[in-house]
Each structure stands twice: as structure tokens, then as C-alpha cells.
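# Residue-level structural notes
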Amino acid sequence: MGKRGERQSERTLVCVIQALMGLELLVELRNDLSIRGFLDDCDNAMNVIIKDAMIEDVEGCQKHMPLIFVRGSNIRFVHIPDNVNIMQAVEERRLVLDRAALAYMGGKGLAPMPKVLETQIPDTADAAI
């Protein structure tokens, strides 16, 4: 940690991928393979573990794998599902990590927990133009 209370992943876009854990997503690799499955884990180097993965090559050949590890340097794109509010997902992930850190430290030496903002971002379909 560089600054007090700051995590390395919060300074990169890895925090967005980490916020998607448990969701189904599509990962495109540099060798032109596509993997669709449920994100099980993601570390600070963007290495990911995907469960119930369907691997597809450029010719359309598919193979099912129950679990697959992908090195972060081999990832070209991560397609985020349309129904995911990225800002809300990242904020929820940050709050979970803050609570875990507070529990680990026994409440010593950390600032009080921030209150969750109750603001809602209007959906583009609901917005009147």
C-alpha cells in the first residue's frame, strides 16, 4: 500500500474487473480465443479464474472447461455485461474490502466506515428527453 488505506488495485482498472466477481462475462485473449464463464477470482495482475467456462476459437470450435486460469498478460478485452452499473459495483466491492480490513484490524487504527451513498444514477431508458 502506497498511502494509508489505499489499495494497489484502486489505482488501476483492475478494481473494475474485481468488482465483477461472480458474474458471467466474456474474456477475449491475445491468441484469438474467447472464454465465456463466471468470474471466480481476479488478482492485482489481472490473472483470472473462470468457472464453467466455454472456450471458443476463431473457427467456432467450442470446448467446455469446469475451471480455467488465464494469465492477465494474455487478456485482450473483458466484456462487461450491459446490465452492470460499474460505478455501483466498484463502490460495493470497495466497501466489502473496507469492512474486511476493519474486522481484521479489530477496529484499531482505521478511520470510521463511510456511509453508503443512497444516490441513484438515472437509467437512460427512464430519463425523459
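Under the annotation held in an unreviewed UniProt entry, the chain carries the name Sm domain-containing protein and is attributed to Sphagnum troendelagicum.

Summing up its helical and strand segments, the chain has two helices and five strands in all. If you list the helices and strands of the chain from N to C, you get α-β-β-β-β-β-α. Classification of the 129 residues of the chain by burial places 24% in the buried group. When contacts within the chain are restricted to residue pairs at least 6 apart in sequence, those whose partners lie at least 24 apart make up 42%. Counting every atom, the chain has about 9,400 Å² of accessible surface; 56% of that belongs to carbon and sulfur.

This paragraph deals with the pattern of salt bridges. Applying the stated criterion across every chain, the model contains four salt bridges. We note a salt bridge from R76 to D32, for which the minimum N-O separation is 3.1 Å. Taken as a pair, R76 in strand 5 (residues 75-79) and D32 in the loop between strand 1 (24-29) and strand 2 (34-42) lie far apart in primary sequence, 44 residues in all. We classify D32 as partly exposed; its relative accessible area is 42%. Through salt bridges with shared partners, a single ionic network connects E91, R94 and D98.

Strand order in the open sheet formed by five strands is 4-3-2-1-5, with antiparallel pairing between adjacent strands. Of all the strands in the sheet, just strand 4 (62-70) and strand 5 have a single pairing partner and so form its edges. Strand-to-strand, the axes of this sheet are offset by a mean angle of 30 degrees, without reference to chain direction. Of the pairings in the sheet, the one linking strand 1 to strand 2 comprises five bridges and is antiparallel in character. When the bridges of strand 2 are listed, E28 appears paired with S34.

Procedures and definitions
Residues numbered from 1 in each chain as written. Predicted model: local features only at pLDDT ≥ 70, side-chain atom pairs only at ≥ 80, totals over all residues. Heavy atoms only, no water. Helix = DSSP H or I, 4+ residues; strand = E, 2+ residues; numbered from the N terminus. Buried < 20%, exposed > 50% of the residue type's maximum accessible area, 1.4 Å probe, protein only. Contact = heavy atoms within 4.5 Å. Areas by Shrake-Rupley, 256 points an atom, 1.4 Å probe, with all protein chains shown as cover. Salt bridge = Lys/Arg side-chain N within 4 Å of Asp/Glu carboxyl O. Pairing = 2+ DSSP bridges. Axes fitted to C-alpha atoms, helices over the stretch in contact; angles between N-to-C directions.

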